[in-house]
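Listed below are the residues making up each chain.
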Amino acid sequence: MSETFNDMITPEMLADPKERRKAFSIVVKKYSEPLYWKIRRIVIYHDDANDVLQNVFMKAWNSLDDFQNKSQISTWLYRIAINESLDFVRRQKNKISADADLSMANRLMADDYFDGDRTHALLQEAIATLPDVQRTVFTLRYFEEMKYNEISQLLGTSEGALKASYHIAVKKITEYVTKHNDT
């Protein structure tokens, strides 16, 4: 589909007011699912991921005039998605939740859209304890299997810093899971 997509959508179409809506609807159709999963791995919950995804597309739509075609549309959207996800997580940390006494693992297990087991929930809980940058780097490297040079371009950080963040994150996750594993 990517060949067809590249033939169908060009930066000129996104810039043309007559073609913009049609072109953007194709962009939304193509990138909704992959963006959703990138966002979901950062914000964890289904409903939150949907909200952030809507914000990503609204921000992208409102910023189409600023898209300079210096990167691929996918890179531009992923950057918006990661920034929106991190902003969401920061806002959530600042809120006092009514269910603050429940662990994330327990809340995940109660989520109708969560299809993992207790171990997966514990892993997600461990990831949630990481600082924003470490969580993002870990998520992109471990779940998305992105290369360090791709993450570097996406986040605007050196590969060395990313490698250090990833390895520190792995160590913290390992320690957390070992400490909290009931089995």
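Before reading further, recall that the structure is shown in the block above.
All of the points below concern the structure found in this document. (Residues numbered from 1 in each chain as written. Predicted model: local features only at pLDDT ≥ 70, side-chain atom pairs only at ≥ 80, totals over all residues. Heavy atoms only, no water.)

### Quick look at helix α4 (residues 46-62)
Put simply, the test is: Per the convention used, a helix needs a DSSP run of H or I reaching at least four residues, while a strand needs a run of E reaching at least two, with both numbered from the N terminus. A helix's residues, less one, multiplied by 1.5 Å, set its expected span. With a 1.4 Å probe rolled over the protein chains alone, any residue whose accessible area is under 20% of its type maximum counts as buried; one over 50% counts as exposed, and the rest are partly exposed.
In a regular helix each residue adds 1.5 Å, so 17 residues correspond to 24 Å; α4 covers 24 Å between its end C-alpha atoms and thus fits that length. Residues of α4 that are buried include every one of His46, Asp48, Ala49, Val52, Leu53, Val56, Phe57 and Ala60, and no others.

### A look at helix α10 (residues 159-180)
Counted only if it meets this: Relevant arc is that of directions from the helix axis to the C-beta atoms, nothing else.
With 22 residues, α10 extends 31 Å from end C-alpha to end C-alpha; this agrees with the ideal 32 Å at 1.5 Å per step. Listing the buried residues of α10 in full gives Leu162, Ser165, Tyr166, Ala169, Ile173 and Tyr176. The buried side chains of α10 occupy one side of the element, clustering within an arc of 100 degrees when seen end-on. Every exposed residue of α10 that faces more than 90 degrees away from the buried side is listed here: His167, Lys171, Thr178 and Lys179.

### Notes on the packing of aromatic side chains
This is how it is decided: Centre distance within 6.5 Å is the pairing criterion for rings of Phe, Tyr and Trp, where only the six-membered ring of Trp is used; planes under 30 degrees apart are then read as stacked, over 60 as edge-to-face, and the remainder as tilted. Charge over a ring is defined by NZ of Lys or CZ of Arg lying within 6 Å of the ring centre and within 35 degrees of the ring normal.
Evaluation of the coordinates by the stated rule reveals 9 aromatic pairs. With 6.3 Å between their ring centres and 75 degrees between their planes, Tyr148 and Tyr166 make a pair best called edge-to-face. Here Tyr166 lies in helix α10 and Tyr148 lies in helix α9 (residues 148-155), a separation of 18 residues in the sequence. These aromatic residues form a ring-pair network of at least three members: Phe138, Tyr142, Phe143, Tyr148 and Tyr166. Taking the ring centre of Tyr31 as reference, the NZ or CZ of Lys30 above it sits at 5.5 Å. Arg141 extends its terminal NZ or CZ atom over the ring of Tyr148, reaching a point 4.4 Å from the ring centre.

### Quick look at the pattern of salt bridges
Any two side chains of opposite charge can pair, on the condition that their charged atoms come close. Stated precisely, the cut-off is as follows: Every case where a carboxyl oxygen of Asp or Glu lies within 4 Å of a side-chain nitrogen of Lys or Arg is listed as a salt bridge.
Inspection of every chain in the model, using the stated rule, returns 5 salt bridges. Across the pair Arg20 and Asp65 runs a salt bridge whose closest N-O atoms are separated by 2.7 Å. In this pair, Arg20 sits in helix α3 (residues 20-43) while Asp65 sits in the loop between α4 and α5 (73-94), placing the two residues 45 residues apart along the sequence. Overall, Arg20 belongs to the buried group, its relative accessible area being 15%.

### With respect to the side chain of Gln134
Stated precisely, the cut-off is as follows: Residues count as neighbours in contact if any of their non-hydrogen atoms are within 4.5 Å of one another.
Here Gln134 lies in helix α8 (residues 132-143). Dropping the residues within four chain positions of it, Gln134 is found in contact with Ser165, Ile168, Ala169 and Lys172.

### Let's talk about the environment of Ser32
Our working rule: Nitrogen and oxygen atoms within 3.5 Å of one another constitute a polar contact, given that in protein one can donate a hydrogen and the other can accept it, and given that sequence-neighbouring residues count only through two side-chain atoms.
Inspection of the secondary structure assignment puts Ser32 in helix α3. In this structure, the C-alpha to C-alpha distance between Ser32 and Gln54, residues 22 residues apart in sequence, is 9.3 Å. Once residues within four sequence positions are removed from consideration, Ser32 is found in contact with Leu53 and Phe57. Within polar-contact distance, the side chain of Ser32 engages the backbone oxygen of Val28 at 2.5 Å.

### Brief notes about the nonpolar core
Cut-off, in case you're wondering: Working definition of a nonpolar core: buried Ala, Val, Leu, Ile, Met, Phe, Trp, Tyr and Cys residues. They are joined through side-chain atoms within 4.5 Å.
One finds Tyr31, Leu35, Ile39 and Leu77 to be the most contacted residues of the largest nonpolar core, which totals 46 residues. Breaking this core down by element, the ones donating at least two residues are α2 (11-15), α3, α4, α5, α7 (118-128), α8, α9 and α10. Of the residues forming this core, the biggest block, 10 residues, is contributed by α5.

### Considering the packing of α8 against α9
When two helices pack together, you describe them by how their axes are tilted relative to each other and by the distance separating the axes. Filter applied, for reference: Angles shown run from 0 to 180 degrees and are taken between the N-to-C directions of axes, each axis being a line fitted to C-alpha atoms and, for helices, limited to the stretch in contact. Note that the term roughly parallel is reserved for angles under 35 degrees, roughly antiparallel for angles over 145, roughly perpendicular for angles of 65 to 115, and oblique for everything else. Should the near helix be turned anticlockwise from the far one by less than a right angle, the crossing is left-handed, and should it be turned clockwise, the crossing is right-handed. Three classes are used, and their members are as follows: Ala, Val, Leu, Ile, Met, Phe, Trp, Tyr, Cys and Pro are nonpolar, Asp, Glu, Lys and Arg are charged, and the others, Gly among them, are polar.
Where α8 meets α9, the closest approach of the two axes is 10 Å, and the angle between their N-to-C directions is 140 degrees. Taken together, α8 and α9 sit at an angle that is classed as oblique. With respect to the hand of their crossing, α8 and α9 are arranged in right-handed fashion. Here α8 contributes Thr136, Val137, Leu140 and Arg141 to the contact with α9, which in turn contributes Tyr148, Ile151, Leu154 and Leu155. Its residues assigned to classes, the contact of α8 with α9 shows 6 nonpolar, 1 polar and 1 charged.

Worth remembering: the numbers are spatial, not functional.
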